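Structural overview
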Amino acid sequence: MAVLDKEFLGMGLEVQRFENALETFFGRAAVCVNTGTAALHLALQACEIGHGDEVLIPSLTYVASFQAVAATGANPVACDINPSTLTLDWRDAEKRLSPKTKAVMPVHYSGGAGDLSGIYAFAERCGLRVIEDAAHAFGSNYKGARVGANGDIVCFSFDGIKNITSGEGGCIVTGDQNILRKVRDARLLGVEKDSERRYAGERSWEFDVTAQGWRYHMSDIMAAIGLVQLGRLEEFTDKRRLLARRYDEQLASFPRLSRLPHNYSEVVPHIYPVLLPDGADRKTIRSRMLDAGVQTGVHYQPNHVLTFFRDSDALPLPVVDNIAPRLLSLPLHPDLSLADVDSCVNHLIGALNG
Ligand SMILES: *Cc1c(COP(=O)(O)O)cnc(C)c1O
(Lines give C-alpha, C1' and ligand atoms only; values in the text may rest on other atoms or scores of the structure.)
Protein backbone atom coordinates (compact mmCIF):
# COMPACT_ATOMS: atom_id res chain seq x y z
CA MET A 1 0.00 0.00 0.00
CA ALA A 2 2.93 2.35 0.71
CA VAL A 3 4.10 1.96 -2.89
CA LEU A 4 0.61 2.62 -4.24
CA ASP A 5 0.17 5.65 -1.96
CA LYS A 6 3.53 7.06 -3.08
CA GLU A 7 2.34 6.65 -6.70
CA PHE A 8 5.82 5.80 -7.97
CA LEU A 9 5.08 2.40 -9.46
CA GLY A 10 8.09 1.73 -11.70
CA MET A 11 11.58 0.73 -10.65
CA GLY A 12 12.81 2.79 -7.72
CA LEU A 13 13.75 2.57 -4.07
CA GLU A 14 11.55 -0.44 -3.29
CA VAL A 15 13.48 -2.53 -5.84
CA GLN A 16 16.71 -1.36 -4.21
CA ARG A 17 15.34 -2.46 -0.80
CA PHE A 18 14.41 -5.89 -2.18
CA GLU A 19 17.87 -6.23 -3.75
CA ASN A 20 19.51 -5.26 -0.46
CA ALA A 21 17.43 -7.88 1.38
CA LEU A 22 18.39 -10.49 -1.22
CA GLU A 23 22.05 -9.49 -0.93
CA THR A 24 21.87 -10.14 2.81
CA PHE A 25 20.10 -13.44 2.13
CA PHE A 26 22.67 -14.72 -0.40
CA GLY A 27 25.77 -12.97 0.92
CA ARG A 28 26.42 -11.41 -2.49
CA ALA A 29 24.71 -9.07 -4.93
CA ALA A 30 21.36 -9.77 -6.61
CA VAL A 31 19.84 -7.88 -9.55
CA CYS A 32 16.03 -7.99 -9.83
CA VAL A 33 14.20 -8.33 -13.13
CA ASN A 34 10.60 -8.89 -14.21
CA THR A 35 10.71 -12.69 -14.75
CA GLY A 36 12.97 -15.68 -14.18
CA THR A 37 13.16 -16.09 -17.95
CA ALA A 38 14.51 -12.53 -18.25
CA ALA A 39 17.09 -13.34 -15.55
CA LEU A 40 18.35 -16.30 -17.60
CA HIS A 41 18.33 -14.30 -20.84
CA LEU A 42 20.32 -11.41 -19.35
CA ALA A 43 22.80 -13.76 -17.64
CA LEU A 44 23.49 -15.51 -20.96
CA GLN A 45 23.79 -12.22 -22.84
CA ALA A 46 26.18 -10.83 -20.21
CA CYS A 47 28.39 -13.89 -20.82
CA GLU A 48 28.45 -12.80 -24.48
CA ILE A 49 26.65 -15.93 -25.58
CA GLY A 50 24.94 -15.36 -28.89
CA HIS A 51 24.36 -16.45 -32.45
CA GLY A 52 25.86 -19.83 -33.28
CA ASP A 53 26.95 -20.64 -29.73
CA GLU A 54 25.71 -23.71 -27.87
CA VAL A 55 24.48 -24.12 -24.31
CA LEU A 56 24.17 -27.53 -22.64
CA ILE A 57 20.89 -27.87 -20.79
CA PRO A 58 18.80 -30.76 -19.43
CA SER A 59 15.82 -31.58 -21.64
CA LEU A 60 13.63 -32.00 -18.55
CA THR A 61 12.94 -28.36 -17.69
CA TYR A 62 10.35 -25.70 -18.27
CA VAL A 63 10.48 -24.34 -21.82
CA ALA A 64 11.55 -20.99 -20.30
CA SER A 65 15.13 -22.27 -19.92
CA PHE A 66 15.27 -23.27 -23.60
CA GLN A 67 13.63 -20.06 -24.83
CA ALA A 68 16.06 -17.94 -22.80
CA VAL A 69 18.96 -19.59 -24.62
CA ALA A 70 17.22 -19.25 -28.00
CA ALA A 71 16.54 -15.55 -27.30
CA THR A 72 20.29 -14.88 -27.43
CA GLY A 73 20.55 -16.55 -30.84
CA ALA A 74 22.40 -19.51 -29.31
CA ASN A 75 21.25 -23.12 -29.60
CA PRO A 76 20.10 -24.99 -26.51
CA VAL A 77 21.62 -28.49 -26.67
CA ALA A 78 19.28 -30.90 -24.89
CA CYS A 79 21.08 -33.26 -22.50
CA ASP A 80 20.01 -36.34 -20.62
CA ILE A 81 19.33 -36.48 -16.89
CA ASN A 82 20.41 -38.46 -13.88
CA PRO A 83 17.56 -40.99 -13.30
CA SER A 84 17.62 -40.54 -9.55
CA THR A 85 17.72 -36.73 -9.14
CA LEU A 86 16.25 -35.80 -12.58
CA THR A 87 18.97 -33.14 -12.93
CA LEU A 88 21.60 -32.68 -15.65
CA ASP A 89 23.85 -35.69 -16.27
CA TRP A 90 27.18 -33.96 -16.99
CA ARG A 91 28.65 -37.20 -18.37
CA ASP A 92 25.97 -37.13 -21.04
CA ALA A 93 26.50 -33.38 -21.53
CA GLU A 94 30.21 -34.00 -22.10
CA LYS A 95 29.36 -36.22 -25.11
CA ARG A 96 27.53 -33.28 -26.67
CA LEU A 97 30.40 -30.80 -26.41
CA SER A 98 31.41 -29.04 -29.60
CA PRO A 99 33.77 -26.15 -30.41
CA LYS A 100 30.66 -23.93 -30.19
CA THR A 101 29.78 -24.90 -26.61
CA LYS A 102 30.03 -21.83 -24.36
CA ALA A 103 28.02 -22.63 -21.24
CA VAL A 104 26.09 -25.20 -19.26
CA MET A 105 22.72 -24.45 -17.64
CA PRO A 106 21.91 -26.93 -14.86
CA VAL A 107 18.30 -26.87 -13.61
CA HIS A 108 17.71 -27.57 -9.91
CA TYR A 109 14.73 -29.82 -10.45
CA SER A 110 12.21 -29.67 -7.61
CA GLY A 111 14.75 -27.77 -5.47
CA GLY A 112 17.60 -30.31 -5.53
CA ALA A 113 20.81 -29.26 -7.28
CA GLY A 114 21.86 -32.83 -8.20
CA ASP A 115 25.60 -33.30 -8.75
CA LEU A 116 26.34 -29.56 -8.89
CA SER A 117 29.99 -30.07 -7.83
CA GLY A 118 30.44 -32.52 -10.70
CA ILE A 119 28.86 -30.02 -13.10
CA TYR A 120 31.24 -27.25 -11.96
CA ALA A 121 34.25 -29.56 -12.26
CA PHE A 122 33.15 -30.49 -15.79
CA ALA A 123 32.58 -26.81 -16.71
CA GLU A 124 35.98 -25.81 -15.39
CA ARG A 125 37.70 -28.62 -17.32
CA CYS A 126 36.00 -27.49 -20.51
CA GLY A 127 36.18 -23.70 -19.99
CA LEU A 128 32.38 -23.23 -19.84
CA ARG A 129 30.35 -20.61 -18.00
CA VAL A 130 27.71 -21.99 -15.63
CA ILE A 131 24.30 -20.32 -15.48
CA GLU A 132 22.21 -22.12 -12.86
CA ASP A 133 18.45 -22.18 -13.45
CA ALA A 134 17.52 -22.16 -9.76
CA ALA A 135 13.87 -21.25 -10.36
CA HIS A 136 12.82 -24.25 -8.22
CA ALA A 137 15.46 -23.79 -5.55
CA PHE A 138 14.86 -20.52 -3.70
CA GLY A 139 15.73 -21.27 -0.07
CA SER A 140 17.35 -24.65 -0.80
CA ASN A 141 20.86 -25.47 0.36
CA TYR A 142 23.54 -27.43 -1.46
CA LYS A 143 26.27 -29.03 0.70
CA GLY A 144 25.46 -26.73 3.59
CA ALA A 145 25.42 -23.43 1.67
CA ARG A 146 22.44 -21.59 0.23
CA VAL A 147 21.84 -22.15 -3.48
CA GLY A 148 22.91 -18.80 -4.95
CA ALA A 149 25.58 -18.09 -2.32
CA ASN A 150 28.21 -19.77 -4.51
CA GLY A 151 28.61 -20.56 -8.17
CA ASP A 152 29.16 -18.60 -11.37
CA ILE A 153 25.71 -17.07 -12.08
CA VAL A 154 22.51 -18.23 -10.37
CA CYS A 155 19.03 -17.21 -11.60
CA PHE A 156 15.79 -17.36 -9.62
CA SER A 157 12.10 -16.84 -10.47
CA PHE A 158 9.48 -15.15 -8.29
CA ASP A 159 6.49 -16.06 -10.43
CA GLY A 160 3.17 -16.82 -8.81
CA ILE A 161 3.83 -20.50 -8.03
CA LYS A 162 7.48 -20.35 -6.96
CA ASN A 163 8.76 -20.78 -3.37
CA ILE A 164 8.38 -17.02 -2.92
CA THR A 165 6.62 -14.72 -5.38
CA SER A 166 6.61 -11.05 -6.31
CA GLY A 167 3.60 -11.59 -8.60
CA GLU A 168 6.03 -12.02 -11.46
CA GLY A 169 9.75 -11.50 -11.10
CA GLY A 170 13.21 -12.96 -10.92
CA CYS A 171 16.79 -12.20 -9.98
CA ILE A 172 20.37 -12.81 -11.03
CA VAL A 173 22.87 -13.58 -8.27
CA THR A 174 26.61 -13.57 -8.91
CA GLY A 175 29.93 -12.44 -7.53
CA ASP A 176 31.12 -11.37 -11.00
CA GLN A 177 31.21 -7.54 -10.99
CA ASN A 178 31.40 -7.37 -14.77
CA ILE A 179 28.22 -9.45 -15.14
CA LEU A 180 26.46 -7.37 -12.46
CA ARG A 181 27.29 -4.13 -14.26
CA LYS A 182 26.08 -5.49 -17.59
CA VAL A 183 22.77 -6.92 -16.35
CA ARG A 184 21.96 -3.75 -14.35
CA ASP A 185 22.13 -1.72 -17.56
CA ALA A 186 20.66 -4.37 -19.87
CA ARG A 187 17.42 -4.67 -17.83
CA LEU A 188 16.75 -0.97 -18.50
CA LEU A 189 17.10 -0.92 -22.29
CA GLY A 190 20.87 -0.60 -21.99
CA VAL A 191 20.60 2.93 -20.54
CA GLU A 192 23.94 3.35 -18.78
CA LYS A 193 23.78 3.68 -15.00
CA ASP A 194 19.98 4.10 -15.02
CA SER A 195 19.70 1.71 -12.02
CA GLU A 196 22.05 3.94 -9.99
CA ARG A 197 20.13 7.12 -10.95
CA ARG A 198 16.77 5.56 -10.06
CA TYR A 199 18.13 4.46 -6.67
CA ALA A 200 19.20 8.06 -6.09
CA GLY A 201 15.60 9.12 -6.79
CA GLU A 202 16.52 10.64 -10.17
CA ARG A 203 15.73 9.93 -13.82
CA SER A 204 18.07 9.57 -16.79
CA TRP A 205 17.26 12.16 -19.45
CA GLU A 206 20.66 12.23 -21.14
CA PHE A 207 22.62 9.02 -21.41
CA ASP A 208 24.57 6.68 -23.64
CA VAL A 209 23.71 3.13 -24.71
CA THR A 210 26.57 0.81 -25.66
CA ALA A 211 24.87 -2.59 -25.76
CA GLN A 212 21.59 -4.34 -26.54
CA GLY A 213 19.14 -3.92 -23.67
CA TRP A 214 15.63 -5.04 -22.84
CA ARG A 215 12.63 -3.78 -20.88
CA TYR A 216 13.18 -6.31 -18.09
CA HIS A 217 13.33 -4.24 -14.88
CA MET A 218 11.25 -5.04 -11.80
CA SER A 219 8.62 -2.56 -10.61
CA ASP A 220 8.32 -1.20 -7.07
CA ILE A 221 4.92 -2.92 -6.76
CA MET A 222 6.52 -6.31 -7.41
CA ALA A 223 9.45 -5.58 -5.10
CA ALA A 224 7.12 -4.67 -2.23
CA ILE A 225 5.32 -8.02 -2.61
CA GLY A 226 8.67 -9.83 -2.89
CA LEU A 227 9.94 -8.25 0.33
CA VAL A 228 6.90 -9.42 2.31
CA GLN A 229 7.20 -12.89 0.78
CA LEU A 230 10.91 -13.09 1.64
CA GLY A 231 9.96 -12.43 5.25
CA ARG A 232 7.64 -15.44 5.10
CA LEU A 233 10.17 -17.83 3.53
CA GLU A 234 10.76 -19.80 6.72
CA GLU A 235 7.02 -20.36 7.17
CA PHE A 236 6.65 -21.51 3.54
CA THR A 237 9.78 -23.67 3.77
CA ASP A 238 8.63 -25.44 6.91
CA LYS A 239 5.23 -26.11 5.39
CA ARG A 240 6.58 -27.42 2.08
CA ARG A 241 8.96 -29.75 3.92
CA LEU A 242 6.23 -30.97 6.27
CA LEU A 243 3.93 -31.80 3.35
CA ALA A 244 6.66 -33.49 1.28
CA ARG A 245 7.76 -35.61 4.25
CA ARG A 246 4.13 -36.67 4.71
CA TYR A 247 3.94 -37.69 1.04
CA ASP A 248 7.17 -39.67 1.51
CA GLU A 249 5.76 -41.49 4.56
CA GLN A 250 2.42 -42.23 2.90
CA LEU A 251 4.01 -43.42 -0.34
CA ALA A 252 6.70 -45.54 1.35
CA SER A 253 4.36 -48.55 1.34
CA PHE A 254 3.91 -48.32 -2.45
CA PRO A 255 7.32 -49.32 -3.84
CA ARG A 256 5.99 -49.24 -7.42
CA LEU A 257 6.01 -45.45 -7.12
CA SER A 258 9.48 -43.88 -7.03
CA ARG A 259 10.18 -40.57 -5.34
CA LEU A 260 13.02 -38.06 -5.41
CA PRO A 261 15.71 -38.81 -2.79
CA HIS A 262 15.60 -35.30 -1.26
CA ASN A 263 17.30 -34.51 2.02
CA TYR A 264 14.78 -32.06 3.46
CA SER A 265 17.26 -30.56 5.86
CA GLU A 266 18.80 -29.05 2.69
CA VAL A 267 16.14 -29.03 -0.01
CA VAL A 268 13.00 -26.90 -0.07
CA PRO A 269 10.72 -29.06 -2.22
CA HIS A 270 9.21 -26.92 -4.97
CA ILE A 271 7.20 -29.67 -6.66
CA TYR A 272 6.38 -33.24 -5.61
CA PRO A 273 6.74 -35.56 -8.60
CA VAL A 274 6.30 -39.32 -8.42
CA LEU A 275 7.46 -41.78 -11.06
CA LEU A 276 4.61 -44.05 -12.13
CA PRO A 277 5.35 -47.71 -12.85
CA ASP A 278 6.33 -48.74 -16.39
CA GLY A 279 3.23 -49.10 -18.52
CA ALA A 280 1.00 -46.96 -16.27
CA ASP A 281 -1.43 -44.80 -18.21
CA ARG A 282 -0.70 -41.31 -16.89
CA LYS A 283 -3.47 -39.65 -18.84
CA THR A 284 -6.14 -41.90 -17.35
CA ILE A 285 -4.68 -41.59 -13.86
CA ARG A 286 -4.67 -37.79 -14.15
CA SER A 287 -8.24 -37.66 -15.36
CA ARG A 288 -9.46 -40.02 -12.62
CA MET A 289 -7.74 -37.85 -10.03
CA LEU A 290 -9.18 -34.69 -11.53
CA ASP A 291 -12.67 -36.23 -11.36
CA ALA A 292 -12.00 -36.75 -7.66
CA GLY A 293 -11.03 -33.07 -7.33
CA VAL A 294 -7.24 -33.51 -7.35
CA GLN A 295 -5.38 -31.47 -9.94
CA THR A 296 -1.98 -32.90 -10.89
CA GLY A 297 0.90 -31.54 -12.97
CA VAL A 298 3.45 -32.68 -15.54
CA HIS A 299 7.00 -31.42 -14.92
CA TYR A 300 7.86 -31.53 -17.76
CA GLN A 301 7.35 -32.47 -21.34
CA PRO A 302 10.95 -32.85 -22.54
CA ASN A 303 12.07 -29.93 -24.70
CA HIS A 304 13.96 -31.99 -27.27
CA VAL A 305 10.66 -33.23 -28.75
CA LEU A 306 9.25 -29.72 -29.28
CA THR A 307 9.14 -28.64 -32.93
CA PHE A 308 11.24 -25.51 -32.35
CA PHE A 309 14.01 -27.34 -30.45
CA ARG A 310 14.07 -30.71 -32.21
CA ASP A 311 17.47 -31.76 -33.60
CA SER A 312 17.38 -34.86 -35.77
CA ASP A 313 21.19 -35.21 -35.59
CA ALA A 314 21.31 -35.28 -31.79
CA LEU A 315 22.44 -38.32 -29.80
CA PRO A 316 19.48 -40.10 -28.15
CA LEU A 317 18.26 -39.13 -24.66
CA PRO A 318 17.18 -42.53 -23.30
CA VAL A 319 16.75 -41.61 -19.63
CA VAL A 320 14.56 -38.59 -20.16
CA ASP A 321 12.59 -40.42 -22.88
CA ASN A 322 11.88 -43.24 -20.45
CA ILE A 323 11.12 -41.16 -17.37
CA ALA A 324 9.31 -38.04 -18.59
CA PRO A 325 6.11 -39.82 -19.75
CA ARG A 326 5.78 -41.42 -16.28
CA LEU A 327 6.24 -38.31 -14.13
CA LEU A 328 3.23 -37.04 -12.27
CA SER A 329 3.38 -34.08 -9.87
CA LEU A 330 1.10 -34.21 -6.85
CA PRO A 331 -0.28 -30.99 -5.30
CA LEU A 332 2.30 -29.16 -3.17
CA HIS A 333 1.83 -25.64 -1.85
CA PRO A 334 1.74 -24.04 1.60
CA ASP A 335 -2.07 -23.85 1.77
CA LEU A 336 -2.45 -27.66 1.82
CA SER A 337 -3.03 -29.58 5.05
CA LEU A 338 -1.63 -32.99 6.02
CA ALA A 339 -5.15 -34.37 5.53
CA ASP A 340 -5.10 -33.00 1.96
CA VAL A 341 -1.84 -34.88 1.33
CA ASP A 342 -3.35 -38.12 2.68
CA SER A 343 -6.38 -37.65 0.48
CA CYS A 344 -4.23 -36.97 -2.63
CA VAL A 345 -2.29 -40.18 -1.96
CA ASN A 346 -5.51 -42.17 -1.55
CA HIS A 347 -6.85 -40.81 -4.82
CA LEU A 348 -3.57 -41.59 -6.58
CA ILE A 349 -3.60 -45.19 -5.36
CA GLY A 350 -7.27 -45.50 -6.28
CA ALA A 351 -6.61 -44.11 -9.76
CA LEU A 352 -3.60 -46.43 -10.25
CA ASN A 353 -5.59 -49.51 -9.31
CA GLY A 354 -8.46 -48.44 -11.56
C1 LIG B 1 9.44 -20.83 -13.46
C2 LIG B 1 10.63 -21.34 -14.17
C3 LIG B 1 11.39 -20.54 -15.05
C4 LIG B 1 10.98 -19.18 -15.50
O5 LIG B 1 10.60 -18.29 -14.56
P6 LIG B 1 9.51 -17.17 -14.92
O7 LIG B 1 9.61 -16.25 -13.75
O8 LIG B 1 8.19 -17.86 -15.01
O9 LIG B 1 9.92 -16.53 -16.19
C10 LIG B 1 12.55 -21.06 -15.59
N11 LIG B 1 12.94 -22.31 -15.31
C12 LIG B 1 12.23 -23.12 -14.52
C13 LIG B 1 12.75 -24.50 -14.24
C14 LIG B 1 11.04 -22.67 -13.93
O15 LIG B 1 10.32 -23.50 -13.16
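Residues numbered from 1 in each chain as written. Predicted model: local features only at pLDDT ≥ 70, side-chain atom pairs only at ≥ 80, totals over all residues. Heavy atoms only, no water.

1. Some remarks on the sheet that holds strand 4 (residues 101-104)
- With respect to topology, seven strands assemble into an open sheet ordered 1-9-8-5-4-2-3, the strand pairing being mixed. Both outer strands of the open sheet, strand 1 (30-33) and strand 3 (75-79), are each paired with one neighbouring strand and no more. Taking the axes of each pair of neighbouring strands and ignoring which way they run, one obtains an average angle of 25 degrees across the sheet.
- Strands strand 1, strand 8 (153-157) and strand 9 (170-174) of the sheet are contacted by helix 2 (residues 13-26), whose axis makes an angle of about 135 degrees with strand 1. (Pairing = 2+ DSSP bridges. Helix = DSSP H or I, 4+ residues; strand = E, 2+ residues; numbered from the N terminus. Axes fitted to C-alpha atoms, helices over the stretch in contact; angles between N-to-C directions. Contact = heavy atoms within 4.5 Å.)

2. Considerations on the packing of helix 2 against helix 9 (residues 220-231)
- Two numbers describe how helix 2 lies on helix 9: the axes approach to 7 Å, and their chain directions differ by 30 degrees. Every pair of crossing elements has a handedness; the one defined by helix 2 and helix 9 is left-handed. Only D220, A223, A224, G226, L227 and L230 of helix 9 make contact with helix 2, whose side of the interface consists of L13, E14, V15, R17, F18, A21, L22 and F25.
- Across the contact of helix 2 with helix 9, the residue classes break down as 10 nonpolar, one polar and three charged. (Left-handed = near helix turned anticlockwise from the far one by under 90°. Nonpolar A, V, L, I, M, F, W, Y, C, P; charged D, E, K, R; others polar.)

3. Notes on the domain arrangement of the protein
- For the protein, the domain assignment lists domain 1 (2-231) and domain 2 (234-353).
- Domain 1 and domain 2 are separated by 26 Å when their C-alpha centres are compared.
- On the side of domain 2, 31 residues touch domain 1, which itself brings 36 residues to the contact.
- Applying the counting rule to domain 1 against domain 2 returns 18 residue pairs in polar contact (both at pLDDT 80 or more).
- Within the residue set of the side of domain 1 that touches domain 2, elements represented by two or more residues are helix 4 (63-71), strand 3 and strand 6 (141-142).
- Sort the elements by how many residues they give to the side of domain 1 that touches domain 2 and helix 4 lands first, with four residues.
- A per-class count over the side of domain 1 that touches domain 2 returns 16 nonpolar, 15 polar and five charged. (Domains from an automatic or database assignment. Polar contact = N/O pair within 3.5 Å; in protein donor to acceptor, adjacent residues only side chain to side chain.)

4. A short note on the site of the ligand
- In the neighbourhood of the ligand, 16 residues make up the surrounding shell, with G36, T37, D133, S157 and K162 lying closest.
- Between the ligand and the protein, one listed contact pairs an oxygen atom with a side-chain N or O atom of T37 at 2.6 Å.
- Measuring from an oxygen atom of the ligand, one finds a side-chain N or O atom of S157 at 2.7 Å.
- Secondary structure elements with two or more residues in the shell around the ligand: helix 3 (36-46) and helix 4. (Near = heavy atom within 4 Å.)

5. Let's talk about the pairing of strand 5 (residues 129-133)
- Summarising burial for strand 5: four of the five residues are buried, a large majority.
- Looking at chain direction, strand 4 and strand 5 are connected through two bridges and run parallel. Bridging across to strand 5, A103 finds its partner in R129.
- After leaving strand 4, the chain enters helix 6 (residues 116-126) and then returns to the sheet as strand 5, a path that is right-handed. (Buried < 20%, exposed > 50% of the residue type's maximum accessible area, 1.4 Å probe, protein only. Right-handed = clockwise from strand over helix to strand, strands pointing away.)

6. Concerning the state of the cysteines
- Under the counting rule described, the total for this entry stands at zero disulfides.
- Between C171, a cysteine without a disulfide, and C32, which holds the nearest cysteine sulfur, the sulfur-to-sulfur distance is 5.5 Å.
- Looking at C171, the relative accessible area reads 0%, which means it is buried. (Disulfide = S-S within 2.5 Å.)

7. A short note on the environment of S258
- Within the secondary structure layout, S258 lies in strand 10 (residues 258-259).
- Exposure remark for S258: the relative accessible area of 35% places this residue in the partly exposed category.
- Taking C-alpha positions, S258 is 5.0 Å from L275, a pair spaced 17 residues apart along the chain.

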